[in-house]
Every structure is written in C-alpha cells, then in structure tokens.
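Overview (structure and organization)
Now for the letters of each chain:
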Amino acid sequence: MNQKAATAAGAGAGGSDTAAPPAPDVREAHAHPKDRLLRSDRLPHIWCPTCGIGTCVSSFVEAIEESGIPEERFAVVSGIGCTGRVAGYVNLDSFHTTHGRAIPFATGLHLANPKLKVVVFSGDGDLVAIGGNHLIHAARRNIDITIICVNNFIYGMTGGQLAPTTPHGARTTTSPYGNSEYPFNVPHLVASCGATYVARWTALHVRRMKQAMVAALSHRGFSFIEVIAPCSTLYARKNRLGTGTDLMKFYHDNCEVRHGANTAEIDIGFQEKIVVGKFVDIEKPTFLDRMGANLAQRRGR
Amino acid sequence: MSEPRGAVLTGEHFMNGDVAAAEGALAVGCTFFAGYPITPATEVAERMSERMPDVEGIFIQMEDEIASMGAILGASWAGRKSMTSTSGPGFSLMMENLGLGVMTETPCVLVNVQRGGPSTGLPTLVGQQDMMQARWGSHGDYEIIALCPNSPQECFDLTIDAFNLSETYRLPVLVMSDEVVGHMTEKVVIPPEDQIARIERRITDAAPADYLPYQPEENLVPLMVAAGQGYRIHVTGLTHDERGYPEVVAPVQQRMVPRLIEKIRKNAEQIIRYESDGIAEAEVVVVCYGITSRVAQLAVEMARQQGRRVGLLRLIVAWPFPERVIRELATRIKGFVVPEINLGQMVYEVERCAAGRARTIHVPHAGGAVHDPETILARIEEASS
C-alpha cells in the first residue's frame with residue numbers, strides 16, 4: 001500500500017526521464033480486496049475446482065463488510081466436512097468443532113457473550129444429519145445466531161456418501177442403486193421449528209446470497225440460509241450431471257425465485273425445479289429476551 | 001423471588017452433594033451451566049437453574065448431553081467459567097466433546113455423579129464404574145484430571161479445586177462424585193468469599209500480531225484469549241500448530257499430542273492429592289476413593305481393633321494416579337486392599353504400580369449399594385496374613 005502511494009506521489013510530481021520505472025509490486029497486484037477477511041496464509045484451500053463453497057465464502061466476507069458489524073465481534077463456528085473447513089479460512093475468531101456439534105458450541109459462545117455475532121457455517125450432513133437435533137432445538141429456542149448451511153446433496157469430505165438431503169433416486173457411493181430415502185426439506189424443517197429468518201439460494205445467486213447474508217446477520221433471532229451448491233467431484237460425477245459449470249447452468253435454468261413461498265412446497269427432487277427466495281422473516285423474542293423478561297417479572301421490575 | 005444472593009453463600013448449610021457441587025462452582029466464579037436432566041445428577045442442574053440469575057449467569061437445559069458439553073466449551077471460549085453435570089449414560093455422550101476440550105485446551109468442569117451401569121443400569125443407585133471411562137473414554141491419547149469427593153463438603157471444595165485446576169492446566173476437569181455422595185445430605189460449611197481460592201484464566205498480554213495461541217509457556221500450558229478480543233484466533237479439533245492452524249502431519253502430531261500429555265504428567269506432583277491415615281507403620285494399605293472410603297475407614301478401624309497394622313490411602317485426585325506413593329508403599333508393605341463399587345478399575349492402577357512387590361487384593365462390588373465393612377475387613381485379614 002505504501003509503495004503504491006509513493007509511486008502515485010512520484011508520478012504526480014512529474015517524475016524524471018532518467019529514473020527507471022519502479023518494479024511493479026507483484027504482491028500488491030495480486031492482493032485480493034477481501035484478503036483481510038481471509039487467512040490467506042492458509043491458501044490454497046482444500047475445495048475442488050467448481051465447488052460452490054468458495055463462492056459462499058466470498059459472499060460471506062462481502063456480507064460482513066456490508067453489514068457494518070465490527071469484524072472483531074464475529075465468531076464463526078463450523079462442524080466437520082468440506083464446509084466445516086470454512087472456519088479455518090476466515091480471518092475472524094473461528095472454531096472448527098466436532099461433527100454435528102457446531103450449533104451447541106455456538107449456542108454456548110453466544111449466550112456467554114451476546115455481543116458476539118455468532119455464525120455457524122457448515123454443511124448439510126453436519127447440520128441436518130448428525131447435528132439435526134441441535135439444529136431444530138436452536139431454531140425452537142430462537143437462539144440469536146446465524147446458520148449458513150451449504151447443501152451439496154452429498155458427503156464430500158468422505159468421498160460421496162448419502163446425505164439426508166440427497167434427492168430421491170440420486171446415486172451416491174452408499175446408494176449405488178439410487179437413494180431410497182426421502183430427503184429433508186431443510187427450510188421447511190427449520191421454519192416449522194421456529195426459525196425467524198429462512199432463505200434459500202444457490203451458489204449461482206451470489207448477489208442474492210450476499211443480500212440474504214447481510215439480512216441474516218442483521219436479523220435478531222435464529223436466522224438460517226440454505227445455499228444449494230455444486231459438488232462436481234462427487235455428486236455430479238456419480239449422477240452423470242456433467243461438471244460444476246453444468247450444475248450452475250442447471251440452477252440458472254431451473255431455479256424459481258418465490259419469496260414468501262410456503263416452505264411445505266419447496267422440496268427438492270432429483271434434477272427438478274429449485275424454489276429459492278426468502279421464505280420467513282419475522283420478529284419474535286429470542287431465548288435471552290425471554291429469559292430476561294421472566295427474571296424481570298419474577299423480581300417485580 | 002428475592003433479590004440476588006451473590007455467588008458465595010457463606011455460612012453453615014445442610015445440603016446434599018449435588019447442591020454442594022453447584023455451590024462450589026458458583027463460589028469459584030462459574031457463570032455458565034449447560035446440562036441435561038439425569039438421575040442422580042439432576043439436582044446439580046436444578047440448583048444451577050435457580051442460582052444462575054444471582055450471579056448474572058446463564059443456565060440452559062440443552063437437548064442432550066452432547067450439546068451440553070459442546071455449549072460449555074463454547075461458553076469457555078467466550079471467557080466464562082463453565083460447567084455441566086451428568087451421570088453414566090450422559091457421561092458416555094459427552095466423551096466426544098470432552099476430547100475436543102482436551103485437544104483445544106478448553107477449561108471447563110464436568111461433574112459425573114456415578115450410578116450403576118452398564119447402559120441404563122441402576123439410575124437411582126450407586127456405582128463407581130466410570131473411573132476408567134474418565135481416564136480413557138474419549139478416543140486418542142490424552143491425560144485428564146479427575147477428583148473424587150467423599151462428602152457434600154468435598155463436593156463443594158473439590159468443585160472449586162476442579163475449576164482452579166482447569167484454568168491452570170487448560171483442560172476439562174472431572175469431578176467423579178457418586179450417587180450416595182450426591183444424594184447424601186450433610187453439613188457443608190461455605191467460607192467467606194475472601195477465603196475461597198480462585199484461580200483466574202491466564203490471558204495473554206501480547207499484541208494480536210505477536211500472539212501464538214498454542215505456544216506453551218514454561219509449564220507447557222499456552223496463554224489463552226477469548227472470542228471477541230480482536231485476536232482472530234482459530235481453534236480446531238484437528239492436529240494443529242502453534243498458530244492453531246490445522247497441520248495434519250506426523251511431525252506436528254508428535255509435537256502437539258505429547259505436550260498435551262506432558263503438561264499433566266510433568267505437573268502431576270502439583271496436581272495429585274490423597275489423604276493418608278497410618279500408612280507409615282502399616283503392613284496393609286486400603287486404597288479407596290469416593291463413598292467407598294467412608295466404608296473402608298470403618299473396616300480399617302475394625303482391623304486395628306484386632307491389632308492389625310492397617311493404613312488407609314484415600315485418593316482425592318484419582319487421575320493423574322498417585323504412582324509414586326503406591327510404588328513406594330509396595331516396597332515395604334505386605335499388600336494393598338482396593339475396595340471400589342465396580343468389578344475392577346482403579347485396582348489395575350494399584351496393581352501396575354505395585355508391580356508384584358506387594359499383593360493387590362480387589363474388593364469388588366457390582367453396584368447398587370456400598371460395601372459391607374466386614375467384606376473389606378475380610379480382605380484386610382487376608383492381606384495381612
């Protein structure tokens with residue numbers, strides 16, 4: 001930064017015909033404007049080419065800036081899996097916990113210091129399968145945290161196994177003849193449990209996703225964003241859906257933006273229409289609000 | 001609801017061990033409790049739910065014990081002293097996040113009011129069957145600290161000690177109570193606030209740019225910070241380097257995991273505590289802990305009335321195990337008698353340290369009741385013959 005300023009000042013002064021032009025600062029040229037919010041000393045990251053998780057992280061760091069919330073107040077909590085690695089790449093207080101247990105950890109962080117802006121960033125397997133019980137209870141309590149759930153329909157880290165979100169009929173390494181199960185409709189699940197902000201976007205909708213993240217971060221109460229994201233290495237390959245780019249094209253051609261949709265009607269079938277949008281945005285006292293109110297009432301204040 | 005009572009209820013009380021454990025936690029500065037109801041530990045949670053508002057603290061009943069353990073780790077990283085309580089089945093569920101606490105060096109306290117197992121076992125009746133689970137229950141190599149109260153007074157006192165140890169060595173510390181101690185109501189003296197030893201968390205004063213979250217101090221324990229202080233820490237259950245960054249390679253594992261173990265082993269003499277009675281002149285030493293120590297005391301007195309030279313060694317800290325004193329005794333006594341309400345757990349440690357130099361006689365009990373003193377006496381007689 002200093003070198004750039006000095007160069008500009010030199011140019012402004014007219015410079016000199018004989019002086020050699022300053023060597024370009026390669027680091028400066030390659031520095032990404034969002035590097036401040038990323039642990040660039042940990043790059044390259046582990047995600048595959050065309051994976052959607054990186055896109056979600058880009059939108060997230062933009063949302064942090066746009067939210068106006070001081071960066072020092074953020075704490076990002078992840079579980080285990082591909083998306084579970086997000087905590088390790090954001091340059092914020094970050095916690096990479098046990099499989100499925102990001103939400104209880106985040107609940108403890110938040111309740112112990114409500115000034116923190118606690119964000120759980122994890123995958124569908126982590127949050128909805130092994131962590132499903134914690135998800136529904138945090139939603140029920142209206143714990144004031146934000147959940148970003150990257151749903152790629154499959155277990156990526158372990159090599160492509162069946163997830164609770166895998167569409168009916170889809171192939172994975174543990175459903176080689178097609179998935180016999182009914183997948184969770186995740187927005188419907190959390191909305192029915194009391195989540196006060198619920199949205200779904202895809203990795204294609206980077207601007208909408210970022211806007212949703214800004215809204216969720218500013219929301220008071222349990223906010224939840226599902227991001228449908230391509231996994232070309234495993235989900236697309238096992239199901240002969242082409243590349244990650246093909247999946248993005250599929251999102252482009254098959255997503256329907258329907259704000260306020262009845263979440264009961266937004267199931268995701270195998271290669272069928274994906275309804276995206278903001279489904280729930282309501283205000284309701286949080287766990288801490290209610291705790292404070294109960295105590296005040298008992299103390300006659 | 002009256003006005004807040006404060007953290008330390010100085011005075012003489014008549015309370016059970018579970019309630020006393022809760023009061024000990026409050027007295028030492030615990031302001032966060034997450035738990036799940038389970039017999040015979042429920043009274044700890046109930047007391048905490050009632051008392052937390054007195055200290056501007058947080059009580060939350062989580063959806064299960066997995067979540068309870070996770071929540072207290074999170075609360076600890078937000079800078080609070082945190083605790084949970086449970087019994088056997090819940091203790092099993094807590095093992096995964098207990099390991100995360102060990103790996104991430106997170107201070108917190110877990111009170112396990114032991115009941116008979118395995119599985120649902122004897123929900124309302126006593127056991128001491130989780131002693132090896134306390135030591136080895138989570139996967140991987142680690143050391144742990146476990147304290148064994150034998151009275152409501154000790155439930156109060158040792159819960160204070162547990163917090164102080166957890167802050168000193170940065171790890172979850174276990175209070176291994178049992179159903180009888182937990183449900184027994186006795187006099188508990190709570191001292192004035194200024195007489196309660198409180199060890200506070202050692203926080204770095206380094207600038208964020210200079211701070212390495214997992215660079216240990218001389219005692220092998222790193223200084224800590226809390227979320228929100230501007231340090232932008234990364235904390236992971238993966239094998240990590242001094243920066244806290246995952247480094248999933250053998251050299252880092254070989255540096256990090258031995259340190260987690262050494263920080264306890266090298267400080268073991270400062271951590272280990274036991275109470276002894278007449279071991280200097282004894283030819284038989286009864287090694288015991290928790291409620292069984294109170295029965296054993298009676299058996300020892302009966303044996304002494306028979307003219308036998310019997311000593312009593314009560315483990316206050318069960319883990320790390322007091323290897324040195326057992327080794328030393330083994331060179332000069334005839335035998336150890338080890339009564340415990342299980343079918344063989346701590347006795348293996350005694351046997352290991354005795355290393356054949358003295359007999360080790362176990363006095364097993366499958367659980368559901370305490371021993372008859374006569375049963376222990378019979379084994380003392382056998383050991384001294």
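Residues numbered from 1 in each chain as written. Chains lettered and ligands numbered in written order. Predicted model: local features only at pLDDT ≥ 70, side-chain atom pairs only at ≥ 80, totals over all residues. Heavy atoms only, no water.

Things to note about the sheet that holds strand β12 (residues 284-288) of chain B
Residue and element names in this part refer to chain B. The strand order β11-β13-β12-β15-β16 describes an open sheet built from five strands, whose pairing is mixed. For this open sheet the edge positions go to β11 (274-277) and β16 (359-363), each flanked by a neighbour on one side alone. Ignoring which end each strand starts from, the neighbouring axes of this sheet average 20° apart. Sitting on the sheet, helix α12 (residues 346-354) touches β12, β13 (310-315), β15 (335-339) and β16, and the angle it makes with β16 is about 175°. Helix α13 (residues 373-384) contacts β12, β13, β15 and β16 of the sheet and is inclined by roughly 165° relative to β16. (Pairing = 2+ DSSP bridges. Helix = DSSP H or I, 4+ residues; strand = E, 2+ residues; numbered from the N terminus. Axes fitted to C-alpha atoms, helices over the stretch in contact; angles between N-to-C directions. Contact = heavy atoms within 4.5 Å.)

Some words on the packing of aromatic side chains
The tally for this structure, following the rule as stated, stands at eight aromatic pairs over all chains. Ring centres of Phe33(B) and Phe59(B) lie 5.8 Å apart, and the angle between their planes is 5°; on these two criteria the pair is classed as stacked. Within this pair, whereas Phe33(B) is found in strand β2 (residues 30-35), its partner Phe59(B) is found in strand β3 (residues 58-61), the two being separated by 26 residues in sequence. Pair check on accessibility: Phe33(B) and Phe59(B) agree, each one buried. Grouping aromatic residues by their ring pairs yields a cluster made of Phe95(A), Phe105(A) and Trp77(B). (Phe/Tyr/Trp six-rings, centres within 6.5 Å; stacked < 30°, edge-to-face > 60°. Buried < 20%, exposed > 50% of the residue type's maximum accessible area, 1.4 Å probe, protein only.)

Remarks on the sheet that holds strand β2 (residues 93-96) of chain A
Note: strands within a sheet are paired through backbone hydrogen bonds, in either parallel or antiparallel orientation. Overall, mixed pairing links the nine strands, which are arranged β9(A)-β10(A)-β7(A)-β8(A)-β4(A)-β3(A)-β1(A)-β2(A)-β10(B) in an open sheet. One side of each edge strand has no neighbouring strand; the edge strands of this open sheet are β9 (255-257) of chain A together with β10 (234-236) of chain B. Going across the sheet, the axis of each strand differs from the next one's by a mean of 20°, ignoring polarity. As judged from the four bridges shared by strand β1 (residues 74-78) of chain A and strand β3 (residues 117-123) of chain A, these two strands associate in the parallel manner. Note on β3(A): the bridge partner recorded for Val76(A) is Val119(A).

Things to note about the interface of chain B and chain A
The interface is formed by 43 residues belonging to chain B together with 41 residues belonging to chain A. Counting the contacts that link chain B with chain A gives five salt bridges. With a closest N to O distance of 2.7 Å, Glu71(A) and Arg232(B) form a salt bridge. Run the count over chain B and chain A and you get 23 residue pairs in polar contact (both at pLDDT 80 or more). Counting residues per element, the ones that place at least two in the side of chain B that touches chain A are β3, α3 (65-77), α4 (88-104) and β10 of chain B. The element that contributes the greatest number of residues to the side of chain B that touches chain A is α3(B), accounting for eight residues. In this structure, β2(A) lies alongside β10(B), joined through three bridges in parallel fashion. Within the sheet, the bridge partner assigned to His96(A) lies in β10(B) and is Thr236(B). (Salt bridge = Lys/Arg side-chain N within 4 Å of Asp/Glu carboxyl O. Polar contact = N/O pair within 3.5 Å; in protein donor to acceptor, adjacent residues only side chain to side chain.)

Points about the pattern of salt bridges
Applying the stated criterion across every chain yields a total of 46 salt bridges over all chains. Where Arg47(B) meets Glu23(B), a salt bridge forms, and the shortest distance between an N and an O atom there is 2.7 Å. With Arg47(B) in helix α2 (residues 42-51) and Glu23(B) in helix α1 (residues 17-27), this residue pair connects regions lying 24 residues apart in the sequence. We classify Arg47(B) as buried; its relative accessible area is 16%. You can call Glu23(B) buried: its relative accessible area is 1%. Between Arg352(B) and Glu323(B) there is a salt bridge whose closest N-O contact spans 2.8 Å. Of the two residues, Arg352(B) sits in helix α12 while Glu323(B) sits in helix α11 (residues 323-330), which places them 29 residues apart along the sequence. The class for Glu323(B) is partly exposed, based on a relative accessible area of 30%. Ionic contacts of the salt-bridge type, sharing partners, join the residues Lys34(A), Arg36(A), Glu65(A), Glu71(A), Glu72(A) and Arg232(B) into one network.

Shape is all these values report; function is a separate question.
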